[in-house]
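Residue strings, one per chain:
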Amino acid sequence: MNLHDFIMDNELPIRLGFFFGIFAVMALWEILSPRRRLQTSKAVRWTNNLALVFFNTLSLRLLFPAAAVGVALHASVQGWGLFNVIEAPFWVAVLFSLVAMDFFIWLQHVMVHALPVLWRLHRVHHADLDFDVTTGARFHTLEILLSMLIKSAVILLLGPPVIAVLLFEVLLNATAMFNHSNVRIPEAVDRILRLFLVTPDMHRVHHSVEDDETNSNFGFNLPWWDRLFGTYRAQPRAGHEGMTIGIRNFRNERWCSRLPSMLGMPFADRMRGHAINRRTWENAHEQ
Ligand SMILES: [Zn+2]
Ligand SMILES: [Zn+2]
């Protein structure tokens, strides 16, 4: 059996194995050494956040059964995309593909904050009133599907090795759980770690209710894009324990934490938040 067949046959179990393994480690770490006190019921949040993750996984599997690795395999068979046209050493193709895909995910993240319609989808991720390992996987189903379409387009242009795509999916999933987790990492360690990897303290800034803090630190894996493009912010003004997590006008626990309202949130008539041309907080109603 060749490598491609093995990957195509085992893509889901490989990814689920890493998901559950890393989830368990981060969940335990959060219990043993939490960074902040959670503000809302963990039982309610976890049940609903994980229900959304389950629903997303099923939807994605139904609509895109071959997933991103299937797109990469198709591109390699057809000879489409940069690395299926040029001759490059395997490891160069793998490394360049990982970095390039991370850049496009970063750019996509900036776009879903900037464009009002896309912010409607992405605010489901930001409406979480607490910040922990389950926040990392809490995205609206339509944003997950949009993400898959953008990723597929990038793969068709890039023609990355199939193994690079699988590696990227596992890495992105792992780092998203890591950098959303409510874990305490000593400041000295964090300072060194965030030179190479987005840390929980770095990404937490992005979940602040403060406009300028939310529009910072868009990275999921590599912290360099934010530093390079001027969106890096080291720490929240109020400190990690004092800062408020979520969206300024979305403070109703029931509305922010329950699956039905999460799924309906993009369509709710409350277009406020961090989109580029919606910045007025005056006369805003509490939700
Ligand atoms: Zn965001
Ligand atoms: Zn986030």
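The structure under discussion appears in the preceding block.
Residue indices follow the written sequence of each chain, beginning from 1 at its first position. Following the order in which they are written, the chains are lettered starting with A and the ligands numbered starting with 1. Reporting of local features is limited, given that this is a predicted model, to residues whose pLDDT is at least 70; pairs of side-chain atoms are given and counted only at 80 or more, and all residues count toward the totals for whole chains, interfaces and linings. To obtain the side-chain values, all non-hydrogen atoms of the structure were used and water was disregarded.

### Some remarks on the overall build of the protein
Using the following cut-off: Secondary structure elements follow DSSP: runs of H or I of four or more residues count as helices, runs of E of two or more count as strands, with numbering from the N terminus. Working definition: with a 1.4 Å probe on protein chains only, accessible area under 20% of the residue-type maximum means buried, over 50% means exposed, and in between means partly exposed. When checking whether two residues touch, look at their non-hydrogen atoms; a contact exists if any pair is within 4.5 Å. For every accessible area listed, the method is Shrake-Rupley and the probe measures 1.4 Å; residues are considered covered only by the protein chains on display. In this tally, Asp and Glu contribute negative charge and Lys and Arg positive charge; neither His nor the terminal groups of the chain are included. Taken as the charge centre is NZ of Lys, CZ of Arg, CG of Asp or CD of Glu, depending on the residue.
Counting its secondary structure elements, the protein contains 15 helices and zero strands. Its C-alpha atoms put the protein at 55 × 45 × 35 Å along the principal axes. Residues classed as buried in the protein amount to 52% of the 287 residues present. Contacts in the protein between residues far apart in sequence, at least 24 positions, make up 75% of those at least 6 positions apart. Taken as a whole, the protein presents about 13400 Å² of accessible surface, with 68% of it coming from carbon and sulfur. For the protein, the centre of its 26 positive side-chain charges and the centre of its 24 negative side-chain charges are spaced 6 Å apart.

### Some points on the coordination of the zinc ion (ligand 2)
Think of it this way: four donors in a tetrahedron around the metal ideally sit 109.5 degrees apart, and six in an octahedron ideally sit 90 or 180 degrees apart. Note the threshold: Note that water is not among the atoms used; donors are N, O and S atoms within 2.8 Å of the metal (3.2 Å for Na, K and Ca), so sites may look incomplete. Under the classification used here, a metal with four donors is tetrahedral if each angle lies between 85 and 135 degrees, square planar if opposite donors are over 155 degrees apart and the others between 65 and 115, a six-donor metal meeting that same test is octahedral, and anything else is irregular.
Within the protein, the zinc ion (ligand 2) binds to H125 (NE2), H180 (NE2), H203 (NE2) and H207 (NE2); these donor distances fall in the range 2.1 to 2.2 Å. For the zinc ion (ligand 2), the four donor atoms in the first shell make angles of 88 to 167° at the metal, a pattern classed as irregular. Donor residues binding the zinc ion (ligand 2) come from one chain and are separated in sequence as H-x54-H-x22-H-x3-H. Between the zinc ion (ligand 2) and the zinc ion (ligand 1), a spacing of 5.2 Å is present. In this pair, H180 is assigned in helix 8 (residues 162-180) and H207 in the loop between helix 10 (200-206) and helix 11 (211-214), connecting sequence segments 27 residues apart. Each of the two residues, H180 as well as H207, counts as buried.

### Thoughts on a nonpolar patch on the surface
Rule in force here: A residue counts toward a patch only above 30% relative accessible area and without a salt bridge, and it is joined to like-charged neighbours within 9 Å or, for Val, Leu, Ile, Met, Phe, Trp and Tyr, to nonpolar neighbours within 5 Å. In the sections that follow, a salt bridge refers to a side-chain nitrogen of Lys or Arg positioned within 4 Å of a carboxyl oxygen of Asp or Glu.
Where nonpolar side chains cluster on the molecular surface, the patch consists of L82, V85, I86 and F96 and spans about 360 Å² of accessible area. With respect to the secondary-structure elements, I86 resides in the loop between helix 4 (82-85) and helix 5 (90-114). Judged by relative accessible area, which is 41%, I86 ranks as partly exposed.

### Quick notes on the environment of T244
Relative to the assigned elements, T244 resides in the loop between helix 13 (239-242) and helix 14 (253-257). Looking at T244, the relative accessible area reads 37%, which means it is partly exposed. When sequence neighbours within four positions are dropped, the list of residues in contact with T244 reads H207, S208, V209 and R251.

### Focus on the coordination of the zinc ion (ligand 1)
Bound to the zinc ion (ligand 1) on the protein side are H109 (NE2), H113 (NE2), H122 (NE2), H126 (NE2) and H206 (NE2), at distances that span 2.1 to 2.2 Å. All donors of the zinc ion (ligand 1) come from a single chain, and their spacing in sequence reads H-x3-H-x8-H-x3-H-x79-H. Judged by its relative accessible area of 0%, H122 is buried.

### Focus on unusual backbone geometry
Even without a glycine there, the phi angle at A67 is positive, about 60°. Within the secondary structure, A67 is located in helix 3 (residues 67-78). For N217, which is not glycine, the phi torsion reads 50° and is therefore positive. Mapping N217 onto the fold places it in the loop between helix 11 and helix 12 (224-229).

### Focus: the side chain of S152
Here S152 shows up in helix 7 (residues 141-158). Exposure remark for S152: the relative accessible area of 10% places this residue in the buried category.

### Topic: the pattern of salt bridges
All chains considered together, the criterion is met by 17 salt bridges. We note a salt bridge from R61 to E11, for which the minimum N-O separation is 2.9 Å. Linking R61 in helix 2 (residues 42-63) with E11 in helix 1 (residues 3-32), this pair joins segments that are 50 residues apart in sequence. Judged by relative accessible area, which is 2%, E11 ranks as buried. Residues R138 and D128 are paired through a salt bridge, measuring 4.0 Å at the closest nitrogen-oxygen approach. With R138 in the loop between helix 6 (116-126) and helix 7 and D128 in the loop between helix 6 and helix 7, this residue pair connects regions lying ten residues apart in the sequence. For R138, a relative accessible area of 0% translates into the label buried. Residues participating in the shared-partner salt-bridge network are E11, R15, R61, K151 and E169.

In short, geometric facts, not functional conclusions.
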